[in-house]
Amino acid sequence: MKVERVKPGVGIESTYLWHVAKGLGVTVGHTVRHLFGGEPVQTKEYPEVRKEMPEGYRGKHRLLQKESGEPKCTACMMCATVCPAACIHIEAGEHPDPKVEKFPVTFDIDLLKCVFCGMCVEACPVDAIRMDSGIYAFADFQRDDFVVHKDELLRTPSQWSDPV
Amino acid sequence: MSWLLASADYLAVLLRLVLSAGILLTVMPLTIYLERKGSAFIQDRPGPNRAALFGMFRLGGVAHVLADVIKLVSKEDIIPGGVNRFYFKLAPIIVAFIPLTTFMIVPIADVVRLTDTFATPMATLEIDGGLLWFFAMTSLSVYGVVFAGWASNSKFSLLGGIRSTAQLLSYEIPMALAVVAMMLTYGTVQPNDMVRAQGELLWGFLPQWGIFLQPLGFILFVTCAFAEINRVPFDLAEGEAELVAGYHTEYSGMRFGLFFMAEYMALVTSGALVVTMFLGGWQVPWLPTERLVAEAGTLLPVVLGGIAFLLLAAAGRLIRHYQLYTRGRWGDARDKEPLVFVVLFSVLALAHAGAAGAAWGAVLPGWLPPVFAALVQISVFTGKLLFLCWCFVWVRWTMPRFRYDQVMDLGWKNLLPLSLFNLLLTGLVMLQPWGRQVLPATPVVTLLLMWLWKRYLLPAQARMPATQRLVVREEPTA
């Protein structure tokens, strides 16, 4: 590495005003382009226009269904076990069909506890839970309302039209 | 009849009080709007655009300023424990009071001569001291800052107050010296006479505005004005990263609102002084008051017609705006807002065009020409003032903040000697009868003197430091 010492700017360079003028030129350029419609405004007008989340974005959870409309979930408790925030609460019940072992009677996720790590999705052996809803804004009035139940989780669609 | 004339005098005082306070107090919220919208445009954002009066009138974001005021007024006013309550409450009052009183000496139009016996100046305060009033009042604003900083019983407030005080005191001196140079240039301390003198022509074609006669004085004064009103790049008193909000950290509700509004009132007042001293005040370039009054018969219809044309153009632009952006955008009454203004502007344009037609070739009543001249001058003054306010906003969103020692260096080591040399040379040049003709060239000599001073005349230790930029270059590794 070589350190070079350069003489300070002379003449108009040394007055600082020259650089002020250059900076003012830049900012007024942006203003004029904005006023006459040339500048692409990056702002999304939020409630009306929402951002499309990128693929792989971990949003609100959803439960997938079998073709019969039942939850794919077999209540194996893998997700509840791996969850670092302990926000998944499953109660298993015996399935009427003898070929199917168990199914979730309740499947609750406490969104206030959830850290959106995606471990439940990784852990699931039957691909029953995903976080691809693309929903990132959920506000509510009571703490209880942040606990989402099985029905809602099953109803939540994917942000992408064709889930694999 | 004497009582009538006396009451006319009182009326005139009342009128000009209302006019100048009105200009200050309407330009102030407009500046806040300019600040929010200007910063947005500079940063490629749309800026405030949602709040609507009566669910319909967004006014391009002006409604947000009103919403801000409602928010500030309705917020709880917290006075923390351990503060000195008297000074705590006094401080925002002082800070808001100063710019209002300083603005009073600014002439917003030339002396209006309604009849041969009745004339009224258009600055609220016509005193012999003139600009000395400005020195006296601006220095007082330090007290508000000191009181706020000390009475808050908070480290951040105290540090902010101290910084601000030191800065205000340091920049007062070059600012005053720059103004003294302007007094020498125009040979008067009266703001109105100064503006009058700026109507004359330099070399036969250029108005003798301060900015042309004293370019260096202009830069000095504007720089100091930035420092005086604690604005970027000199807003260290409220450097968020270090001091939370500086001297008004502990204030909330409308007491904070007063500080906030005082900041913008000070901005408008500084702008008004810059306009008065350097941008020709109420002068319409190449149109002195006498010509405005004498040719009111032709100018009045032209101006009215021009306004009608501008209103029509604005209405057309609004229709286009409606078609392009607003139609169906929100899905409520806000969509229809431009149409209301299209109708309003069209009606106003018709009225102006009608008035222009009526005034064309008509014999004007005796009181109309001076009033017309005054109205034109007030509009021109307000226009220049708004431009200056935009410049303050523009600089704020362009430049980073100085470090504290840099601020002090700039003030004491650069601006002070510069303003002294400027004063000296202005005095020498103005002694000559042809003084004003060569005055625009003096900055060259001033800068030369400054360079000599910093390079050779100062004691060795204080000379221009051999600051060197370090350039680190990676050498290619073999």
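Our structure is the block above this text.
Since the structure is predicted, the reported quantities are computational estimates derived from the model, not experimental observations.

Undergrad: Please set out unusual backbone geometry residue by residue, giving values where relevant.
TA: For Ala86(A), which is not glycine, the phi dihedral falls at a positive 50 degrees. If you trace the backbone, Ala86(A) turns up in the loop between α2 (78-82) and β3 (88-94). The backbone phi angle of Trp286(B) is positive, close to 65 degrees, even though this residue is not glycine. Note that Trp286(B) resides in the loop between α10 (253-278) and α11 (289-294).

Undergrad: Requested: an account of the sheet that holds strand β4 (residues 102-110) of chain A, with residues and values cited.
TA: All names here are of chain A. The three strands are arranged β3-β4-β6 in an open sheet whose pairing can be described as antiparallel. Two strands bound the open sheet, and with one partner strand each, they are β3 and β6 (147-148). Sheet topology places β4 next to β6; two bridges connect them, and they run antiparallel. Pairing of Ile 109 across the sheet is with Val 148, part of β6.

Undergrad: Describe in detail empty space enclosed by the protein, supporting the description with residues and values.
TA: Across all of its chains, the model carries four cavities of 30 Å³ or more by this definition. Counting residues per element, the lining of the largest cavity draws most heavily on α10(B), which supplies seven residues. Of the residues contributing to the lining of the largest cavity, the split by class is 13 nonpolar, seven polar and three charged. There is about 70 Å³ of room inside the second largest cavity. What lines the second largest cavity is Cys73(A), Thr74(A), Cys76(A), Met78(A), Cys79(A), Ile90(A), Phe107(A), Cys124(A), Pro125(A), Val126(A), Ala128(A) and Ile129(A). The residue makeup of the lining of the second largest cavity, split by class, is 11 nonpolar, one polar and no charged.

Undergrad: Pulling in residues and values, what's your account of the packing of helix α4 (residues 131-151) of chain B against helix α5 (residues 155-186) of chain B?
TA: Residues and elements named next belong to chain B. Packing of α4 against α5 leaves a shortest axis separation of 8 Å and a crossing angle of 175 degrees. With respect to α5, the element α4 is oriented roughly antiparallel. Considered class by class, the residues forming the contact of α4 with α5 number 16 nonpolar, eight polar and one charged.

Undergrad: So, the nonpolar core: which residues are in play, and what are the values?
TA: Counting 97 residues, the largest nonpolar core has Leu131(B), Phe134(B), Val179(B), Phe221(B), Leu273(B), Met277(B) and Phe381(B) as the members making the most contacts within it. In terms of residue count, α10(B) provides more of this core than any other element does, 13 residues in total. The residues contacting Phe381(B), other than those within four sequence positions of it, are Phe103(B), Val106(B), Pro107(B), Ile108(B), Ala272(B), Val275(B), Thr276(B), Gly281(B) and Trp282(B). Core analysis: the second largest hydrophobic core is formed by 20 residues, Ile109(A), Cys120(A), Val148(A) and Leu154(A) among them.

Undergrad: Could you give me a rundown of the layout of surface pockets, with the residues and numbers involved?
TA: The volume enclosed by the second largest pocket comes to roughly 1400 Å³. Forming the boundary of the second largest pocket are 33 residues, of which Leu35(A), Lys37(B), Phe41(B), Gly60(B) and His321(B) lie nearest the centre. Secondary structure elements with two or more residues in the lining of the second largest pocket: α1 (17-35) of chain A together with α1 (2-42), α12 (296-326) and α13 (337-359) of chain B. With eight residues, α12(B) is the largest single contributor of residues to the lining of the second largest pocket. Of the residues contributing to the lining of the second largest pocket, the split by class is 17 nonpolar, nine polar and seven charged.

Undergrad: Explain helix α17 (residues 442-457) of chain B residue by residue, including any values.
TA: Residues and elements named next belong to chain B. Thr 442, Pro 443, Thr 446, Met 450 and Lys 454 are the residues of α17 that are buried. Axial view of α17: buried residues confined to an arc of 100 degrees, hence all on one face. Exposed side chains of α17 directed beyond 90 degrees from the buried face belong to Val 444, Leu 448 and Leu 457. Buried residues along α17 sit in contact with α8 (215-228), α15 (404-431) and α16 (435-438).

Undergrad: Requested: an account of a nonpolar patch on the surface, with residues and values cited.
TA: Residues and elements named next belong to chain B. Together, Leu 448, Trp 451, Leu 452, Tyr 456 and Leu 457 make up a nonpolar patch on the protein surface, roughly 540 Å² of accessible area in all. Inspection of the secondary structure assignment puts Tyr 456 in helix α17. Judged by relative accessible area, Tyr 456 falls into the partly exposed class, the value being 48%.

Undergrad: Lay out the packing of helix α3 (residues 85-103) of chain B against α4(B) in plain terms, naming residues and giving numbers.
TA: Residue and element names in this part refer to chain B. Packing of α3 against α4 brings their axes to within 8 Å, and their N-to-C directions diverge by 160 degrees. When the axes of α3 and α4 are compared, the pair comes out roughly antiparallel. Relative to α4, α3 is oriented so that their crossing is left-handed. Here the contact of α3 with α4 is composed, by residue class, of 18 nonpolar, five polar and no charged.

Undergrad: Let's hear about the packing of aromatic side chains: which residues, and what values?
TA: Residues and elements named next belong to chain B. By the definition in use, this model includes 21 aromatic pairs over all chains. Taking the centre distance of 5.6 Å and the plane angle of 45 degrees together, the rings of Phe 134 and Phe 135 count as tilted. Neither residue differs from the other here; Phe 134 and Phe 135 are each classed as buried. Their ring planes at 20 degrees and their centres at 6.1 Å tell us that Trp 209 and Phe 212 sit as a pair that is stacked. Residue classification places Trp 209 among the buried residues on the basis of a relative accessible area of 14%. What makes Phe 212 partly exposed here is its relative accessible area of 31%. Among the aromatic residues, ring-to-ring pairing joins Phe 86, Tyr 87, Tyr 143, Phe 147 and Trp 150 into one connected group.

Undergrad: Got a sec to walk through the side chain of Thr156(A)? Specific residues and values, please.
TA: Residues and elements named next belong to chain A. Turning to its location among the elements, Thr 156 is positioned in the segment after α4 (150-155). Engagement of the side chain of Thr 156 in a polar contact is seen with the backbone oxygen of Glu 152, the distance being 2.7 Å. Once residues within four sequence positions are removed from consideration, Thr 156 is found in contact with His 61, Arg 62, Ser 133 and Ile 135.

The rules behind each value
Residues numbered from 1 in each chain as written. Chains lettered and ligands numbered in written order. Predicted model: local features only at pLDDT ≥ 70, side-chain atom pairs only at ≥ 80, totals over all residues. Heavy atoms only, no water. Helix = DSSP H or I, 4+ residues; strand = E, 2+ residues; numbered from the N terminus. Pairing = 2+ DSSP bridges. 1 Å grid on protein atoms, 1.4 Å probe; cavity = no way out; pocket = protein on both sides within 12 Å on 5 of 7 lines; lining within 4 Å. Points joined across faces, edges and corners; volume = space filled by probe spheres on them. Nonpolar A, V, L, I, M, F, W, Y, C, P; charged D, E, K, R; others polar. Axes fitted to C-alpha atoms, helices over the stretch in contact; angles between N-to-C directions. Parallel < 35°, antiparallel > 145°, perpendicular 65-115°, else oblique. Core = buried A, V, L, I, M, F, W, Y, C linked by side-chain atoms within 4.5 Å. Buried < 20%, exposed > 50% of the residue type's maximum accessible area, 1.4 Å probe, protein only. Contact = heavy atoms within 4.5 Å. Arc of directions from axis to C-beta. Patch = residues over 30% accessible without salt bridge, like charges linked within 9 Å, V, L, I, M, F, W, Y side chains within 5 Å. Areas by Shrake-Rupley, 256 points an atom, 1.4 Å probe, with all protein chains shown as cover. Salt bridge = Lys/Arg side-chain N within 4 Å of Asp/Glu carboxyl O. Left-handed = near helix turned anticlockwise from the far one by under 90°. Phe/Tyr/Trp six-rings, centres within 6.5 Å; stacked < 30°, edge-to-face > 60°. Polar contact = N/O pair within 3.5 Å; in protein donor to acceptor, adjacent residues only side chain to side chain.

By themselves these figures say nothing about function.
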